[in-house]
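Structural features, examined
Here is what each chain is made of, one letter per residue.
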Amino acid sequence: MVAGAFAPLPAARQEVQEQPAPAQQGAPENALVRASDVPVGSGLILGDTVVTQPNLGNYQGFSVICTHQGCALNEIAGGTINCPCHGSKFNLDGSVATGPANEPLSRREVSVQGDWIVAGAPATPPVIKPWWCEIPIFAPGSADC
């Protein structure tokens, strides 16, 4: 290797899925993975996002980049999210379990939409007003309008 050149990152392990690709019927456009595929007390690395489920129904998302020196996290095992470069380990809530990293993982917002874990906040359902709100005699704020 040439002096000053960076060593390539270790090959990704089986736990890493190249890109979240929910090309399945009914999957939202921003779907990362089916909720049922994220193991309780563990998680998955999906492209540039780590999705964990520390306890039943509690899904959390994080960047796949280690806060120590920017290496890509490559494994979730034994209740920690692990970095291959210098051995940092993060708890399933993104906090540092063991260094050398001293900052938690950057959060990525994820939410549940139907059977799916999706990137971003939960969708806000549209507000549907009663038909009589269209009649001019009802002022906004009256009669449930």
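Predicted, not measured: the structure shown is a model, and the values here were computed from it.

**A word on the confidence of the model for the protein**
Averaged over all residues, the pLDDT of the protein equals 80, while 71% of them reach at least 70. Per-element mean pLDDT across the protein ranges from 46 in strand S1 (residues 16–17) up to 96 in strand S8 (residues 89–91). Contacts for the low-pLDDT stretch residues 5–22, under 50 throughout, to residues beyond four places or in other chains number 28 contacts.

**Quick word on the pattern of salt bridges**
If you walk through the whole model with that rule in mind, you get 1 salt bridge. Between Asp48 and Arg108 there is a salt bridge whose closest N-O contact spans 3.3 Å. Pair noted here: Asp48 is in the loop between strand S3 (42–46) and strand S4 (49–55) and Arg108 is in strand S10 (residues 107–108), with a separation of 60 residues, a long-range link. Take Arg108: its relative accessible area is 30%, and that puts it in the partly exposed class.

**With respect to the state of the cysteines**
For the structure shown, the criterion picks out 1 disulfide. Free cysteine Cys83: the closest other cysteine sulfur is in Cys66, separated by 3.8 Å.

Criteria and cut-off values
Residues numbered from 1 in each chain as written. Predicted model: local features only at pLDDT ≥ 70, side-chain atom pairs only at ≥ 80, totals over all residues. Heavy atoms only, no water. pLDDT = per-residue confidence, 0-100. Helix = DSSP H or I, 4+ residues; strand = E, 2+ residues; numbered from the N terminus. Contact = heavy atoms within 4.5 Å. Salt bridge = Lys/Arg side-chain N within 4 Å of Asp/Glu carboxyl O. Buried < 20%, exposed > 50% of the residue type's maximum accessible area, 1.4 Å probe, protein only. Disulfide = S-S within 2.5 Å.

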